[in-house]
Structure formats: structure tokens, C-alpha cells
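# A look at the structure
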Amino acid sequence: MKSKPLQPAVSAQGIATSKASSSLTGQTSMAAYGALGLALLHGIAGLSILIISSWFIAISAIAPLGFNYVIPAVVIRGLALLRIASGYTTMWLGHKDLLTRIAKARLAVFEQLAAKRLESKAWTVEALANHTEQLASAFIAWVSPLASFMLLMTGLLLTGYFINVPGYGFFIALAIVWLVISVVTAVYGLKAVASSAEAELEFRQQSATFFQASSLWHLKSKTVKGLFNAPSTQRVQDAQLKEQALVSKAMWLFQGGVFTLVALVVLTANTAAYFVPLALITPMVLLAAPDWASATFSSVVKLAKWRHSKAELHAMHTQPLPLLNAHKPSMSLSLTGFIAKERNLPAVNMQFEALGLNVIKGYSGCGKSSVLQAICGLLPFEGRRSIDNVATPQGMLEKWIYVEQQPIILAGTIKLNLDPAASGISEDAMHNVLARVGLQHLTTLAEWVGKGGRALSGGEGKRLALARALLAMPDVLLIDEPFEGLDYEAQQRVAEVINESAHSRLVIVATHVVPAALQSNTTFSLDEKVIRVNLPPVFILN
Ligand SMILES: Nc1ncnc2c1ncn2[C@@H]1O[C@H](COP(=O)(O)OP(=O)(O)OP(=O)(O)O)[C@@H](O)[C@H]1O
């Protein structure tokens, strides 16, 4: 019989992933451009106030009779109002843009995680909580402040040059001082940011371990650190303080540089300059420089954070888990030299008929769950997995459903738990399957279970997960320890449901417990059937 080749159904997801990757940084919105424009206006207004007021103070001392003081005063007041208004509006628009971007970046991360296995949950939480925020806040954190500073500095240099401000060369010196300090801050900033991110990730991992061990807290062990003591935030604090110290150092250095330049202006000025109103502009602008330029050093560190987060998000600590087209065996499923990757377990050879019930037995830890998870593709495998003699590539097989040993109960209604894909399963079908697995007492499908709702017992959870799998009409059903924690009656009942399900599909059950009612075609014992084989490279037949 000619078999249909298995097609990885990942191309659409691949496109989604590349789109998601570009939307991680987010498209520049009108709000972002508006915020940037207003930030520039804010800076220009500030610098203009500084230049005009410096000139105004100087001219006031030597102004001839009849000099109109009102006009410059009104201009300065007007600029001050413009500065305040643009300052507030830029904050408003910037935050509006930030919130939209955070939502988009988080969505993009979720899209990138689809069809992937997470290597570290702590990293994923970090990515969702922290890195997305760093990426999304780019505009208000560093683009806007740095762009506005650059524009002001350029404006200052051009104005100084064209209106021939005495001591104009000191503006160039100021720009050089700022540039050198910024570059040094950026280099050290990257290091500081990496170590602070590492400390935060470690704290998140320790917190997860600490809370997971809550049922052991009463033991009050003093020897196992981290398990019984709340994780210390010391390393995170130290790392954050280092970042702040870096910014403070940059600010102090800049302040020192500015004072030196002012001293040089005074020392090098000739007496004629005392009678030139424009001459006051240079020392005034220099003295005010720490006010309008110092904030950029914290922006430089934020730029380093942004770079770090961007690199982290693009590295994605995940492994691809491609989804392969639905494929129901019509003859057999065979496993040759087969084992879950990186589990350090012996390889197995097994052959299953396309219909019927098969049991895998074996001592605890021999690899029963690993084999089931690798069969459906939840774990990458080594060796060969062939459906109707056609080797399949790595990946999850659509409609090959694995029922976990520790069932996953979603925080939601029973209905959601039974039909998470909202595929339109009727309520009658749900009640029917619940009754078959002995959960007829869960009468209200709208009842909330899982986190924040009715806590199901271990045995109830197991049967709910089995009911969910049965309702999904799987092509192949892989069930991990379905009888664990069930009373005798419930075991027999579940065994009958599994027997019935195996009339129309391949069912493989990994179990220590074999109820009398379970009618299996074949029983594999991993204790005996372990075989090490040398395989030729995996090939895929068309
Ligand atoms: N994520 C993992 N990484 C590395 N090794 C793992 C991982 N999960 C399980 N193992 C190891 O793989 C081996 C097989 O585990 P598996 O859960 O498949 O056994 P099992 O036969 O189903 O056990 P049980 O009957 O107790 O459920 C064990 O030695 C286990 O420590």
C-alpha cells in the first residue's frame, strides 16, 4: 500500500514566527512619532530659554534707555509654557505608545513560543515580564531623550557658530566630553545589565523552587538553602545598585568636565568680553548642561538594557516542536532503536497494530512516560518512528493525543477543560463521556475548576483529562498511568472505556496497574524488551 508522505505543517507557523519576530520590536506608531516630536520641542524650548535668558541678563546690565524689557520677558515666559506643555504631552503620548507596544511584544513572544518546547520556565517568565517591557519602552527610555539631546547639541553648535557666540569652541569641547563619557557608560552598562538580568533570572528560579516546596516548609531544614528560606534579593539589589552607580558616576564626571570648561572660559576670556551680551551665553549654557544632558546617561544604560533584552528575545530558549499533519496508521506503528533524546535510557524496538490496545509495563523510571511522549512527538526522539512503514520526521503528530500522568487541569470551566479548542463539542457528548469515566457528579459544565476554582482530586483530574482526550476523537491515544490513584470500581470502569476506545484506534497505555477488565492485545515489558541497536540514518519514504 502506498502511504501518503507526512508533511510538516510548520510552514504557516514559520511565517507567523518571522512576522512575530519583526513585531517584537513593534511598528513605530503615530503616538511614538508624536512623542518624539514633542520631546524635541521640549528640548528646543529649554535651550532657547537658556540662550535668550543669558543674553537678556547680560543686556539688562548694559541696555540703553528705552530698551523694551517686555518683549524678551514675554518670549521667555511663552517658551517656558511651551516647554511645560510639550513635556507633559510627550509623557502622555510616550506612555500610550508604551502600553500598546508591551501588549504587542507579549503577543509576539507567545506566537514565537507556539510549537516550541520551553527549555526554562523562569526564562519565559522573564521574557514575558521584563524583556518585552524593555523592548516596548525604547521610545520613552532612550530613543526620545537621546534624539532630543543630539538635536539640541547640534542646534547649539550651529547657533553658536552662526551668531558667533564668544567661546563657541567650548560647545565642541562639551560635546566631546559627553560623547566620551557616554561611550564608556555604554560599554560598562552592557556588562552591568547582563549581570543584573542574570541575578533577576536566578531570583525567579529560586522563587519558583521555594514556592514549589511549600508542602515541606514545616520541616524547617537549615541545611538545604533556598528550599526553606525565602530567596534573597541581595544579588538583584546589588546588581541594580551597580547600574545606578554607573549612571551617577557618569553624571559626576560630566559635572566635573563642565566645571572645568567653565573655569577655562573664565580664565581665557579677555576683558572686552565683559561688554559683549552674547558672551554670557557660553558659561550659562555650560553651567546648565548637567541639567539638560545628564539624563542621557541613564538613557545610555537603558539602551544597553534594550540591546540585551532584544538579543535574549531573539535567542529564544526553546526547541522547535513542529506539528505534522494528521496521520492515522492503517497498518502499524513501529519503533526501531527508539528512545526520547537526552534521557539516557536504553533504546526500544516495538511494533503496534493499527487498531487495538497495547500495554507498556516496566519498573518505575524505566522510561514508559518518555516513550509515550516521544511517540506523539512531545519529546524529540532518536531512532525510527514509522507509520505504515514510513519513517516520520521529528514533530508532534496531529490528533495523536497523550494523556499525562499528572493531568493538566486548566483554570476555567469544566466545559473549557473538556473542549479547550472550542471545537463545538455538544454538552450532551460532554455529560455522556463524564458519566462513562465515572464523573457523572460533575453535573454543572459551567463550574470553575483548577486554579481559583473547585480543586479536583487526583483521580478526578485523571479522568477529566481522559474524557478530554476521548472527546477530541484522537487518531492514536497514548495514556500514561490512567489507573493510578483510582479505587477498584473506578479502575474497572476506566479500563472498559479504554477497551472501547481501542476498537476504533491504536491505544497505548503505560501502567503498573493492569485491572482485570483491561483487554490488551499486546503487553510490552520495558524490563525485557530493551535493545541497543546501530541504525542507519533515518530516511523518509514517499
Ligand atoms: N526532563 C527530564 N530530563 C532528564 N531526564 C528525565 C526527565 N524526565 C524524566 N527523566 C528521566 O527519565 C527516566 C524515565 O522517566 P519516565 O518518567 O519516562 O519513567 P516511567 O517509567 O514513566 O516512570 P514511572 O513509572 O515512575 O512514572 C527517569 O530516570 C527520569 O529520571
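As named in an unreviewed UniProt entry, the protein chain is MdlB protein, taken from Alteromonas naphthalenivorans.

## Description of the overall build of the protein chain
What the protein chain contains, in helices and strands, is 14 helices and 15 strands. When the 542 residues of the protein chain are sorted by exposure, 45% land in the buried category. Partitioning the contacts of the protein chain with sequence separation of at least 6, the portion at a separation of at least 24 is 78%. For the protein chain, the exposed surface amounts to about 27600 Å²; the carbon and sulfur share of it is 63%.

## Overview of the sheet that holds strand β14 (residues 506-510)
Sheets are built from strands that pair by backbone hydrogen bonding, the pairs being arranged parallel or antiparallel. Pairing in this open sheet of 5 strands is parallel, and the strands run β10-β13-β14-β6-β15 from one edge to the other. Each edge of the open sheet carries a strand with a single partner, namely β10 (400-403) and β15 (522-525). Between one strand axis and the next, the sheet turns by 15° as a mean value, whatever way the strands run. Two strands pair when backbone bridges link them, and strand β13 (residues 476-480) and β14 are joined in this way by 5 bridges, in the parallel orientation. Along β14, the bridge assignment pairs Ile479 with Val509. Together, β6 (356-361), β13 and β14 form the strand contacts of helix α14 (residues 488-501), whose direction differs from that of β14 by roughly 145°.

## Let's talk about the confidence of the model for the protein chain
When the pLDDT values of the protein chain are averaged, the result is 86; 90% of them are 70 or greater. Predicted confidence in the protein chain is weakest over helix α1 (residues 11-25), with a mean pLDDT of 43, and strongest over β13, with 98. In the predicted structure, residues 1-21 sits below a pLDDT of 50 and forms 32 contacts with residues beyond four places in sequence or in another chain. Overall, residues 529-542 carries pLDDT values under 50, and its contacts beyond four positions in sequence, including any with other chains, amount to 30 contacts. As scored by the predictor, the complex reaches a pTM of 0.66 and an ipTM of 0.95.

## Description of the pairing of strand β7 (residues 381-387)
Each regular strand displays side chains that alternate between the two surfaces of the sheet. Burial analysis of β7 places 6 of its 7 residues in the buried class, the great majority of the element. The sheet contact formed by strand β4 (residues 332-340) and β7 spans 6 bridges and is antiparallel. Residue Leu335 lies in a different strand from β7, and its bridge partner there is Arg385. Sheet topology places β7 next to strand β8 (residues 390-391); 2 bridges connect them, and they run antiparallel. From the neighbouring strand, Ile387 faces β8, where its bridge partner is Val390. The hairpin turn running from β7 into β8, its antiparallel successor, is 2 residues long, and Asp388 in that turn takes a positive phi close to 50°.

## Considering the packing of aromatic side chains
In total, this model carries 12 aromatic pairs according to the counting rule given. Here the aromatic residues Trp55, Phe56, Phe67 and Tyr69 are joined through ring pairs into a cluster of three or more.

## What about the sheet that holds strand β5 (residues 348-353)?
Strand order across the open sheet formed by 4 strands is β5-β4-β7-β8, with antiparallel pairing between neighbours. Looking at strand neighbours, the two that pair on one side only are β5 and β8, the edges of this open sheet. Lying over the sheet, helix α10 (residues 368-376) contacts β4, β5 and β7, oriented at roughly 120° with respect to β4.

## Examining the site of the ligand
Within the structure, the ligand sits among 13 residues, and Ser364, Lys368, Ser369, Ser370 and His512 are positioned closest to it. A distance of 2.7 Å is found between an oxygen atom of the ligand and a side-chain nitrogen or oxygen belonging to Ser369. Isolated, the ligand exposes 640 Å² of accessible area, and the fraction of that covered by the protein chains is 58%. In the shell around the ligand, the residues fall into 3 nonpolar, 7 polar and 3 charged.

## Quick word on the environment of Gly461
When you line up the elements, Gly461 lands in helix α13 (residues 458-471). Setting aside residues no more than four positions away along its own chain, Gly461 makes contact with Pro407, Ile409 and Leu456.

## Focus on unusual backbone geometry
The backbone phi angle of Met473 is positive, close to 50°, even though this residue is not glycine. A residue is classified by how much of its surface remains accessible, and Met473, at 52% relative accessible area, is exposed.

## A short note on helix α12 (residues 427-436)
For α12, the complete set of buried residues consists of Met430, Val433 and Leu434. Taken end-on, α12 shows its buried residues confined to a sector of 105°, consistent with a single buried face. Those residues of α12 that are buried are in contact with α11 (414-418) and α13. At the C-terminal side of α12, Gly438 shows a positive phi close to 85°.

## Examining the UniProt feature "transmembrane region" (unreviewed entry) in the protein chain
Taken from the UniProt record, the annotation "transmembrane region" (unreviewed entry) applies to residues 30-63, 69-94, 139-163, 169-190 and 250-269. As annotated, residues 69-94 has a helix share of 96% and a strand share of 0%, and its two end C-alpha atoms lie 37 Å apart. Overall, residues 250-269 shows 95% helix and 0% strand. The separation of its end C-alpha atoms is 28 Å.

## Let's talk about the nonpolar core
Counting 47 residues, the largest nonpolar core has Leu156, Leu174, Phe254, Val285 and Trp292 as the members making the most contacts within it. For this core, the elements supplying multiple residues, two or more each, are α2 (30-62), α3 (70-113), α4 (121-136), α5 (138-162), α6 (169-212), α7 (234-268), α8 (281-293) and α9 (295-315). Non-local contacts of Val285, meaning those with residues more than four positions away in its chain, are made with Leu50, Ile51, Leu156, Phe171 and Trp292. Formed by 36 residues, the second largest nonpolar core is a distinct cluster that contains Phe483, Ala495, Ala502 and Leu518.

About the cut-offs
Residues numbered from 1 in each chain as written. Predicted model: local features only at pLDDT ≥ 70, side-chain atom pairs only at ≥ 80, totals over all residues. Heavy atoms only, no water. Helix = DSSP H or I, 4+ residues; strand = E, 2+ residues; numbered from the N terminus. Buried < 20%, exposed > 50% of the residue type's maximum accessible area, 1.4 Å probe, protein only. Contact = heavy atoms within 4.5 Å. Areas by Shrake-Rupley, 256 points an atom, 1.4 Å probe, with all protein chains shown as cover. Pairing = 2+ DSSP bridges. Axes fitted to C-alpha atoms, helices over the stretch in contact; angles between N-to-C directions. pLDDT = per-residue confidence, 0-100. Phe/Tyr/Trp six-rings, centres within 6.5 Å; stacked < 30°, edge-to-face > 60°. Near = heavy atom within 4 Å. Polar contact = N/O pair within 3.5 Å; in protein donor to acceptor, adjacent residues only side chain to side chain. Nonpolar A, V, L, I, M, F, W, Y, C, P; charged D, E, K, R; others polar. Arc of directions from axis to C-beta. UniProt positions renumbered as here; feature names shortened; annotations may be inferred. Core = buried A, V, L, I, M, F, W, Y, C linked by side-chain atoms within 4.5 Å.

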